[in-house]
Amino acid sequence: MTSVELRQLRYFVAVAEELNFGRAAERLLIAGPSLSQQIKALERDLGVRLFDRDRRSVSLTAAGSALLPHTRALLERADDLQRRAGRLSGSEPVRLGYVNWLPSDLTARTATVAQLHLDAWVAPSHTQAARVAAGGLDLAVCWVRTEDLEERGLRARLIGADRLYAVAGGDDTGDVAARDTAVLLDDDTTSWSSWNVYAEELAQDTGARAVRISNGGITGPAFFDHVRRCSRPVINSPKGQTSPLPPDLVQRPVTAPAIYWTWSLVWRENEDRPAVLAVVDALCDGVGDLGIRAPGAWLPDGDPHR
């Protein structure tokens, strides 16, 4: 037993699940003869035959069937040990991309679990999600829909949420119903794809007036110019949450419903590196629902945290 390796046990489980040495070898990315030799070595070290095999079929022996669940449990414990060690070491680099928002205590949360590298390319949500799927990033903080996750092979956990408000002229800072607001949609779908999807559904669900623009005025000075020209209070975007208001404009809470934008931490669904998964836990554990499930809160239908 002293010579049995975890690698050989993983080979055993793969062959037991495939019941075909060729398919198991492809799955494990090793040569078929090497896999066969490793299984024979494992059988020799364990002192039992695990498989009955001939030229046409492979089947588990009674001993193989009895040992399989124990082997799976042992491998799960080994994987858990590796994840815990990775969290303690903090030595593996992890690449994180974002749009414009990050937790204020990002460094403190992740310092002991990984070397976190913030990517310098700040890009829209759909771009950052695509980069994670393609392997250019390990993680990204962005806005995604359930269909985006399924299409790109990603997973997501809630990491933050913004309650959006309206900006208006005058001095009335009281609540305004969502149906009495306007929401901007920009013709530049490359830059504002995610926002446009969100804004269109917001208008359909709440009765807010959709106003199409073509100058990138979803945020910044151009946004404030649109507010001045609009007869309704205008919903701000999450990219404008912290922008200081000019003295002639005011912020008004939106009610009926309260409008929320969620930030997801996304990673590849087949990700198995301990450092990446440790960063996910460090950033998302204990986040809570951030008000998004309170009575009267609104999220679009495709939001994965709805």
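Keep in mind that what you see is a predicted model, and the values were worked out from it rather than measured. (Residues numbered from 1 in each chain as written. Predicted model: local features only at pLDDT ≥ 70, side-chain atom pairs only at ≥ 80, totals over all residues. Heavy atoms only, no water.)

Below, the discussion takes up unusual backbone geometry. Following Ala256, the chain continues into Pro257 via a peptide bond in cis, with omega recorded as 5°. You will see that Leu29, though not glycine, has its phi angle at about 60°, which is positive. With respect to the helices, strands and loops of the structure, Leu29 is situated in the loop between α2 (21–28) and α3 (32–46). Backbone geometry at Leu290 places phi at a positive 60°, although glycine is not the residue there. Structurally, the position occupied by Leu290 is in the loop between α10 (274–284) and β14 (297–298). Judged by relative accessible area, which is 35%, Leu290 ranks as partly exposed. (Helix = DSSP H or I, 4+ residues; strand = E, 2+ residues; numbered from the N terminus. Buried < 20%, exposed > 50% of the residue type's maximum accessible area, 1.4 Å probe, protein only.)

So, about the packing of aromatic side chains. Evaluated as defined, the whole model comprises eleven aromatic pairs. Considering the side-chain rings of Trp195 and Trp261, the 6.0 Å spacing of their centres and the 40° angle between planes classify their relative orientation as tilted. Of this pair, Trp195 sits in helix α8 (residues 189–206) while Trp261 sits in strand β13 (residues 258–268), placing them 66 residues apart in sequence. An identical accessibility class is assigned to Trp195 and Trp261; each is buried. By the ring-pair criterion, three or more aromatic residues cluster together here, those being Trp101, Trp143, Trp195, Tyr198, Trp261, Trp263 and Trp298. We note Lys239 situated over the ring of Trp192; from NZ or CZ to the ring centre the distance is 4.8 Å. (Phe/Tyr/Trp six-rings, centres within 6.5 Å; stacked < 30°, edge-to-face > 60°. Lys NZ or Arg CZ within 6 Å of the ring centre and 35° of its normal.)

Within the structure shown, the criterion is met by two cavities of 30 Å³ or more. Size it by volume and the largest cavity reaches roughly 130 Å³. Lining the largest cavity we find 14 residues, and of these Val99, Trp192, Trp195, Lys239 and Trp261 sit closest to its centre. When residues of the lining of the largest cavity are traced back to their parent elements, those giving at least two are α8 and β13. Here the lining of the largest cavity takes five residues from α8, the largest share from any one element. (1 Å grid on protein atoms, 1.4 Å probe; cavity = no way out; pocket = protein on both sides within 12 Å on 5 of 7 lines; lining within 4 Å. Points joined across faces, edges and corners; volume = space filled by probe spheres on them.)

Once that is clear, we can look at the pairing of strand β5 (residues 139–142). Here β5 shows a buried face lined by Leu139 and Val141 and a second buried face lined by Ala140 and Cys142. Here three bridges tie strand β3 (residues 93–98) to β5, and the two strands are oriented parallel to one another. Bridging across to β5, Tyr98 finds its partner in Val141. (Pairing = 2+ DSSP bridges.)

Attention now moves to the nonpolar core. Counting 59 residues, the largest nonpolar core has Leu139, Val183, Trp195, Tyr198, Ile235, Ile259 and Leu265 as the members making the most contacts within it. Of the residues forming this core, the biggest block, eight residues, is contributed by α10. Once residues within four sequence positions are removed from consideration, Val183 is found in contact with Trp195, Ala199, Leu202, Ala203, Arg209, Ala210, Val211 and Ile235. Within the second largest apolar cluster, 18 residues are counted, among which are Tyr11, Val13, Leu35 and Leu50. (Core = buried A, V, L, I, M, F, W, Y, C linked by side-chain atoms within 4.5 Å. Contact = heavy atoms within 4.5 Å.)

Let's shift gears to the pairing of strand β10 (residues 209–213). As defined by bridge partners, strand β9 (residues 182–186) adjoins β10 across five bridges and the pair is classed as parallel. Bridge pairing in β10 links Asp186 to Ile213. As for the winding sense of the linkage, the β-α-β connection from β9 through α8 to β10 is right-handed. (Right-handed = clockwise from strand over helix to strand, strands pointing away.)

This brings us to the environment of Ala203. As for its position among the elements, Ala203 is in helix α8. Each C-alpha atom, one on Ala203 and one on Thr181, is 9.2 Å from the other, the two residues being 22 residues apart in sequence.

Looking now at the pattern of salt bridges. Using the criterion set out here, one finds 24 salt bridges in the structure. Put simply, Arg23 and Glu18 hold a salt bridge, and the shortest N to O gap is 3.4 Å. Judged by relative accessible area, which is 43%, Arg23 ranks as partly exposed. Between Asp248 and Arg228 there is a salt bridge; the shortest N-O distance is 2.7 Å. (Salt bridge = Lys/Arg side-chain N within 4 Å of Asp/Glu carboxyl O.)

Okay, the packing of helix α1 (residues 6–18) against α2 next. Taken N-terminus to C-terminus, the directions of α1 and α2 make an angle of 130°; their axes are 8 Å apart at the nearest point. Classified by the angle their axes make, α1 and α2 are oblique. The two elements α1 and α2 meet at a crossing, and its hand is right-handed. Residue-level contacts link Tyr11, Ala14, Val15, Glu17 and Glu18 of α1 to Phe21, Arg23, Ala24, Arg27 and Leu28 of α2. Split into classes, the residues belonging to the contact of α1 with α2 amount to six nonpolar, no polar and four charged. (Axes fitted to C-alpha atoms, helices over the stretch in contact; angles between N-to-C directions. Parallel < 35°, antiparallel > 145°, perpendicular 65-115°, else oblique. Left-handed = near helix turned anticlockwise from the far one by under 90°. Nonpolar A, V, L, I, M, F, W, Y, C, P; charged D, E, K, R; others polar.)

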